[in-house]
Amino acid sequence: MILTKKRKAKLFKLFRARQLPYLPYSLGIDPGNICNLKCPLCPTGLGDSGAQKSFLEFSLFKLVFDQLKESLSEINMFNWGEPLLNKDLTKMIRYAKEVKPLIYVITSTNLNINNDNLLEEVMNSGIDKIIVSCDGTTKESYGKYRVGGDFGLVMRNLRFLAEKNSKLARKVLIVWNFIVFKHNEHEVEIVKKMSKDIGVDCNIGLMRTSLKDEILKPHHEGIAKDMDLIPDNPIYSAYDKCSLTVKKVLKTCKKPWQSIAVNSNGLVFPCCAVYEEKYSFGDVKKDSIKDIWNNRKFVLARQEILNKKRPACTICGTCRNNGFMHM
């Protein structure tokens, strides 16, 4: 029996392995933690100083990718900023697809970019999936969360991408990602129709409380703090507003057995949800990913996830103590 990479990771976790004989099959690498919007739940939008601002350089991307190219199945090229602001984004995507044509490459953008040439370059780069974050069907509802964004420009660009996609032999999956808040929950059916008319897929996403603090603090604190943003309709909410609890909480986490996150400055984390640099597990500019993947912090993190009685020495232990959130 030939094990898929995902099944292999699941099996090694099942057998409680702390050190792993394989490298991660999923890579999250941030093109830059700089953004043109000021979304109120995002540490980048709030100007949080816990991470140094930078754009990912092509040489650093190549350093990371070349070490993982044999093991990787997918790359998520987004996290704490706007990927399209990085001038080397398409160069990085093209390199990955040239070296490993079957690798699945995803990016996520707020699409507040007035540059048709860049958008066309992205569509022709070999990218597999583009997620467009747009949480409103009118200028008014959109602007309540995507602070500083231009709804008209986003809609214009989304139609531009759809038109270019219709002419490509190899289609790109374009997804309008609509996060439901209290102020836009009445627009869910509208966005489904609008996306269909434009010719893109639609995903109705559940909002999360503060993207930095959700793993650092008990969930009830974030729910209480961001109560005004949480939808009233329970269908569109990850939270129970009355009890201040998360509806679905994971009993465990599998990410340190299958994936790795690299920030734009080369710092390594166990997942994309960790913002502050002080929680880093290593630095790819100083050590190989092979060494980092099985270093003391990664081993401790796996131990903390497997044994809830262990004290929290890493960010994974802190996340465990606050409840693994399912999104």
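Quick summary incoming for the structure in this document. Please read these numbers as outputs of a predicted model, since none were measured by experiment. (Residues numbered from 1 in each chain as written. Predicted model: local features only at pLDDT ≥ 70, side-chain atom pairs only at ≥ 80, totals over all residues. Heavy atoms only, no water.)

Points about the environment of Leu-111
Inspection of the secondary structure assignment puts Leu-111 in the loop between β3 (104-109) and α4 (116-123). In this structure, the C-alpha to C-alpha distance between Leu-111 and Lys-308, residues 197 residues apart in sequence, is 41 Å. Setting aside anything within four residues of it in sequence, one finds Leu-111 in contact with Glu-82, Leu-84, Leu-119, Val-132, Leu-153, Val-154, Asn-157, Leu-158 and Leu-161. (Helix = DSSP H or I, 4+ residues; strand = E, 2+ residues; numbered from the N terminus. Contact = heavy atoms within 4.5 Å.)

Some details on empty space enclosed by the protein
In total, this model carries two cavities of 30 Å³ or more according to the counting rule given. Here the largest cavity is characterised by a volume of approximately 50 Å³. If you go around the largest cavity, the residues you meet are Leu-84, Thr-107, Thr-109, Leu-111, Leu-119, Val-122, Ile-130 and Leu-161. Where the lining of the largest cavity is concerned, the elements lending two or more residues are β3 and α4. Per-class residue counts for the lining of the largest cavity are six nonpolar, two polar and no charged. The space that makes up the second largest cavity amounts to roughly 30 Å³. Forming the boundary of the second largest cavity are Lys-212, Ile-215, Leu-216, Ala-273, Val-274, Tyr-275, Glu-276, Tyr-279 and Ile-315. Across the lining of the second largest cavity, the residue classes tally to seven nonpolar, no polar and two charged. (1 Å grid on protein atoms, 1.4 Å probe; cavity = no way out; pocket = protein on both sides within 12 Å on 5 of 7 lines; lining within 4 Å. Points joined across faces, edges and corners; volume = space filled by probe spheres on them. Nonpolar A, V, L, I, M, F, W, Y, C, P; charged D, E, K, R; others polar.)

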